[in-house]
Amino acid sequence: MKIGRNEPCWCGSGVKYKKCHLGRAKQSAIGKEQIHKTLNSFNSKKCCSAPSSLHGECTTKIIKAHSVSKSSSLKEIAVNGHVLTTFRAKYDFSKSSKITPKSVGINQASTFTGFCSRHDNELFSAIEDEPFDSSEYHCFLVAYRAVARELFTKEAASNVFGLLKDLDKGKSLAHQVKIQEISKHFSGNNDLTMGDLSYIKAKLDNMLLSKNYDGLEHIVFELNYAPSVMASAVLGSEIDFNGGVLQTPSSDQNDIPDYLSINSFASQGHGYIVISWLSEHSTCSKKLITQLLKKESISNSLAMFMFALIENIYMCPAWWERLGEELQNYVCDVYSQGVSKHTDVDVLVSVPDIKIAPVSKWITVNCESFAL
């Protein structure tokens, strides 16, 4: 590869070759200390995710906010104050590419430093201090917190992807090319998702400030008791419940796929799974839900949906033990797919009976009922 010193670098950085990859193979490799420092910075980001117009009211204390409530939800499924998680950021991939659950205390589970103490209390007291009532306001709040957490996480990950581009120092040209390809793939996807989530968050910010939640639609599944699997996430699913491709995201930052949020939690001893989406994202969201409502077990299908596509997920240790080795391995295989390859499109077609909690009824909020 022959490139002039003053020509743009081959890696696509936009910087001249002489100031970018010239002599990169002779540079000192990034040390473990720097790698650990950058990885730790993922957990050091602190900000308030309230609408920017409210930032003048923020307190200086940024707290560890729970995306899945500790008091009303995690305590319901904890054993000795601990739940199980498969959250990838807490996993050591140097040992195995297959993810298995690990124990985490409920004080640390599902936390993110994404709200100041004032706004965490003021914005979410209605669902933290009162029973969940499936109203459009309560549904909005669980969706808003999920979106805030997801955007916060993607922004925090940017520093990690910035380090990835420098991991080719001291490597051969062939290794440099491979590392840059991997870096572009992950950082590019992260940047696209950040743009999508920023767009959605801005929409929800306007709803919050205007107290008009009509632009957000929901379906609420009420469960007989607290679900053994709890989660909070926002995603643009590419697979559906019939083994088909639901949508194919593009690399155009202006072409936003249909996103939905999913929140599985408990309130006053009852269980809930709330799926929410912007009205403009109805095409794929409603198709997915129509398929879901025709499944033999809605709760089992939703559980596998969460395991296949969500990392911010928490499980009851006693429930996990009752599954037995065969089902445990199945669940771990489904979750681990996203680490080394895309999730199989047919993973949601036929699901095992894992009994997270049976659905007693479902209702729609701000949208028409689904014709089955």
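Our structure is the block above this text.
Residues numbered from 1 in each chain as written. Predicted model: local features only at pLDDT ≥ 70, side-chain atom pairs only at ≥ 80, totals over all residues. Heavy atoms only, no water.

Draft legend 1. Focus on helix α4 (residues 136-164). An ideal rise of 1.5 Å per residue puts 42 Å on 29 residues; α4 measures up with 42 Å between its terminal C-alpha atoms. Along α4, the largest kink reaches about 30 degrees and is centred on S158. Burial runs high along α4: 21 of the 29 residues are buried. (Helix = DSSP H or I, 4+ residues; strand = E, 2+ residues; numbered from the N terminus. Expected span 1.5 Å × (residues − 1). Bend = angle between axes of the 7 residues up to and from the residue. Buried < 20%, exposed > 50% of the residue type's maximum accessible area, 1.4 Å probe, protein only.)

Draft legend 2. Spotlight on the packing of aromatic side chains. Throughout the structure, instances matching the rule amount to 13 aromatic pairs. Both rings, one in F140 and one in Y213, keep their centres 4.7 Å apart while their planes meet at 35 degrees; by these two values the pair is tilted. Residue F140 is located in helix α4, and its partner Y213 is located in the loop between α5 (173-210) and β5 (216-223); the two are separated by 73 residues in the primary sequence. Of the two residues examined, F140 and Y213, each falls in the buried class. On the numbers, 5.8 Å between centres and 25 degrees between planes, the contact of F265 with Y272 is stacked. The exposure class of F265 is buried, given its relative accessible area of 10%. Residue Y272 is classed as buried on the basis of its relative accessible area of 7%. Here the aromatic cluster, defined as three or more aromatic residues joined through ring pairs, consists of F112, F115, F124, Y137, F140, Y144, F152 and Y213. One residue, R145, lies across the ring of F124, its end atom 5.0 Å from the ring centre. (Phe/Tyr/Trp six-rings, centres within 6.5 Å; stacked < 30°, edge-to-face > 60°. Lys NZ or Arg CZ within 6 Å of the ring centre and 35° of its normal.)

Draft legend 3. Structural view of the packing of helix α3 (residues 117-128) against α4. Running from N to C, α3 and α4 point in directions that differ by 125 degrees, and their axes come no closer than 9 Å. In this view, α3 runs oblique relative to α4, as classed from their interaxial angle. The two elements α3 and α4 meet at a crossing, and its hand is left-handed. Between α3, through L123, F124, A126, I127 and E128, and α4, the contact on the second element is made entirely by Y137, H138, L141, V142, Y144 and R145. Its residues assigned to classes, the contact of α3 with α4 shows eight nonpolar, one polar and two charged. (Axes fitted to C-alpha atoms, helices over the stretch in contact; angles between N-to-C directions. Parallel < 35°, antiparallel > 145°, perpendicular 65-115°, else oblique. Left-handed = near helix turned anticlockwise from the far one by under 90°. Contact = heavy atoms within 4.5 Å. Nonpolar A, V, L, I, M, F, W, Y, C, P; charged D, E, K, R; others polar.)

Functional significance is not addressed by these values, which are geometric in nature.
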